[in-house]
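Here are the chains, one letter per residue:
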Amino acid sequence: SSAASDVYKRQEAMASGCFILANDNLFNRAVLKHHAEYYSTPAEVTGLLNDMAAYVVRDKEKFIAANLEEIRTAYSWEHLVDEHEKYFEWLLAQKR
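As a starting point, this report considers the structure included with it. (Residues numbered from 1 in each chain as written. Predicted model: local features only at pLDDT ≥ 70, side-chain atom pairs only at ≥ 80, totals over all residues. Heavy atoms only, no water.)

## So, the overall build of the protein
Within the protein, the regular secondary structure consists of five helices and two strands. Taken from N to C terminus, the helices and strands of the protein fall in the order α-β-α-β-α-α-α. In terms of overall size, the protein is more extended than a compact globule, its C-alpha atoms giving a radius of gyration of 17 Å where 96 residues would be expected to give roughly 12 Å. Projected onto its principal axes, the C-alpha coordinates of the protein cover approximately 60 × 25 × 20 Å. Residue pairs at least 24 apart in sequence account for 45% of intrachain contacts in the protein once pairs closer than 6 positions are excluded. Accessible surface, the protein as shown: approximately 6900 Å² in total, 59% of it carbon and sulfur. Computing the positive centroid from 11 side-chain charges and the negative centroid from 15, the protein places the two 3 Å apart. (Helix = DSSP H or I, 4+ residues; strand = E, 2+ residues; numbered from the N terminus. Rg over C-alpha atoms; globule rule 2.2 N^0.38 Å. Contact = heavy atoms within 4.5 Å. Areas by Shrake-Rupley, 256 points an atom, 1.4 Å probe, with all protein chains shown as cover. Lys, Arg positive; Asp, Glu negative; His and termini not counted. Charge placed at Lys NZ, Arg CZ, Asp CG, Glu CD.)

Now the structure itself:
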């Protein structure tokens, strides 16, 4: 799968209100920030799953709310268009 497809999968999970468990890597942290439970090893996955009730009580609502807000702001059409406009203006300035 492509990197763009991987980003979309995370954004879909964020937008659907999922409580996300993710492999601890730079890519996932760049997209999900501090709004997921991360694991690095199979033992950590087992620990997360075994203690899921505690993680749900502690983090689920705030993570979901933060992910939905991130989707509404950072991934809105308005924000994306604004960011592209800034980039294109920067490109034009480089040619001068």
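## Digging into the nonpolar core
Judged by nonpolar contacts, V7, M14, I20, A22, V31, L32, A36, Y38 and I71 together constitute the single largest core of nine residues. For this core, the secondary structure elements donating two or more residues are α1 (3-15) and α2 (26-32). Among residues more than four places away in sequence, those in contact with I71 are Q11, M14, A15 and S76. (Core = buried A, V, L, I, M, F, W, Y, C linked by side-chain atoms within 4.5 Å. Buried < 20%, exposed > 50% of the residue type's maximum accessible area, 1.4 Å probe, protein only.)

## Some thoughts on the side chain of N28
Note on placement: N28 falls in helix α2. Those residues in contact with N28 that sit more than four places away from it in its chain are R10, A22, N23, K33 and Y38.

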